[in-house]
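Inside the fold
Here's the letter readout for the chains.
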Amino acid sequence: MTHVLLAVSCLLRRADGVDVIGAALVWKAAGLGHRPIAARLGRPEGTVRGWLRAFTANAETVRAAVMTLLTELDPLTGPRPAGRSVFADAVEAIGGCAGAARRRLGVVGAVSAWQLAAGVTGGRLLCAGLSPAASGSANTSRPMGGLG
């Protein structure tokens, strides 16, 4: 068995960096389809469509995990109003959590929103069957150091 430390800039079984994939997810949350996103990123349409489908399947689990961390980082965070979709809500929650991490932790929290999401999900942001119990159980670097 081989063990590999996965940096927060990467996702399991994905060749593209998490920030590239995150840009696609932001554009999808804003209403773009997979074809224009693929053209903007210079990636195959099938690849981008796969990212979007995988995130759609995991969006509620990701949103819940990120909101849990957000309330730990900023206890005064209130409930967030529902958006256009679970997908868009999850993307917004990731951005909000990254902002809270930067405010609370300063330089220690200076990772991108998508690197934070990769760390929270243990690199499994787009993996099939992501469960709350699986979040953080992969061998990944910790974007926040040792919280808690």
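Below is a short write-up of the structure.

Rules of the game
- Residues numbered from 1 in each chain as written.
- Predicted model: local features only at pLDDT ≥ 70, side-chain atom pairs only at ≥ 80, totals over all residues.
- Heavy atoms only, no water.
- Helix = DSSP H or I, 4+ residues; strand = E, 2+ residues; numbered from the N terminus.
- Expected span 1.5 Å × (residues − 1).
- Buried < 20%, exposed > 50% of the residue type's maximum accessible area, 1.4 Å probe, protein only.
- Arc of directions from axis to C-beta.
- Contact = heavy atoms within 4.5 Å.
- Salt bridge = Lys/Arg side-chain N within 4 Å of Asp/Glu carboxyl O.
- Phe/Tyr/Trp six-rings, centres within 6.5 Å; stacked < 30°, edge-to-face > 60°.
- Axes fitted to C-alpha atoms, helices over the stretch in contact; angles between N-to-C directions.
- Parallel < 35°, antiparallel > 145°, perpendicular 65-115°, else oblique.
- Nonpolar A, V, L, I, M, F, W, Y, C, P; charged D, E, K, R; others polar.

All right, on to helix H1 (residues 18-29) then. Taking 1.5 Å per residue as the helical rise, H1 with its 12 residues ought to reach 16 Å, and the 16 Å between its terminal C-alpha atoms agrees with that figure. Residues of H1 that are buried include every one of Val18, Ile21, Gly22, Ala24, Leu25 and Ala29, and no others. Down the axis of H1, the buried set is contained in an arc of 155°. They therefore lie on one face. In this structure, the buried side of H1 is in contact with helix H2 (34-41), helix H3 (45-73), helix H4 (86-105) and helix H5 (113-120). The first or second residue beyond H1 is Gly31, which carries a positive phi of 110°.

Tallied over the entire structure, the rule returns 3 salt bridges. Among the salt bridges present, the one from Arg43 reaches Asp16, with a minimum N-O distance of 2.5 Å. You can see Arg43 sitting in the loop between H2 and H3 and its partner Asp16 sitting in the segment before H1, a full 27 residues away along the chain. Measuring nitrogen to oxygen at the nearest pair gives 3.5 Å for the salt bridge that ties Glu45 to Arg35.

The full count for this structure, using the stated rule, is 2 aromatic pairs. Seen from their ring centres, Phe55 and Phe87 are 4.9 Å apart, and the 75° between their planes marks the pair as edge-to-face. With Phe55 in helix H3 and Phe87 in helix H4, this pair connects stretches of sequence that are 32 residues apart. In terms of burial, Phe55 and Phe87 fall into one category: buried. Taking 6.5 Å as the distance between ring centres and 75° as the angle between the ring planes, the aromatic pair formed by Phe55 and Trp114 counts as edge-to-face. In this pair, Phe55 sits in helix H3 while Trp114 sits in helix H5, placing the two residues 59 residues apart along the sequence. Like Trp114, Phe55 is buried. In this structure an aromatic cluster arises from ring pairing among Phe55, Phe87 and Trp114.

A few words now on the packing of H4 against H5. At a minimum axis separation of 9 Å, H4 and H5 run at an interaxial angle of 100°. One way to sum up the angle between H4 and H5 is to call them roughly perpendicular. Facing Val91, Ile94, Gly95, Cys97, Ala98 and Arg102 of H4, the residues of H5 in contact are Ala113, Trp114, Leu116 and Ala117. By residue class, the composition of the contact of H4 with H5 is 8 nonpolar, 1 polar and 1 charged.

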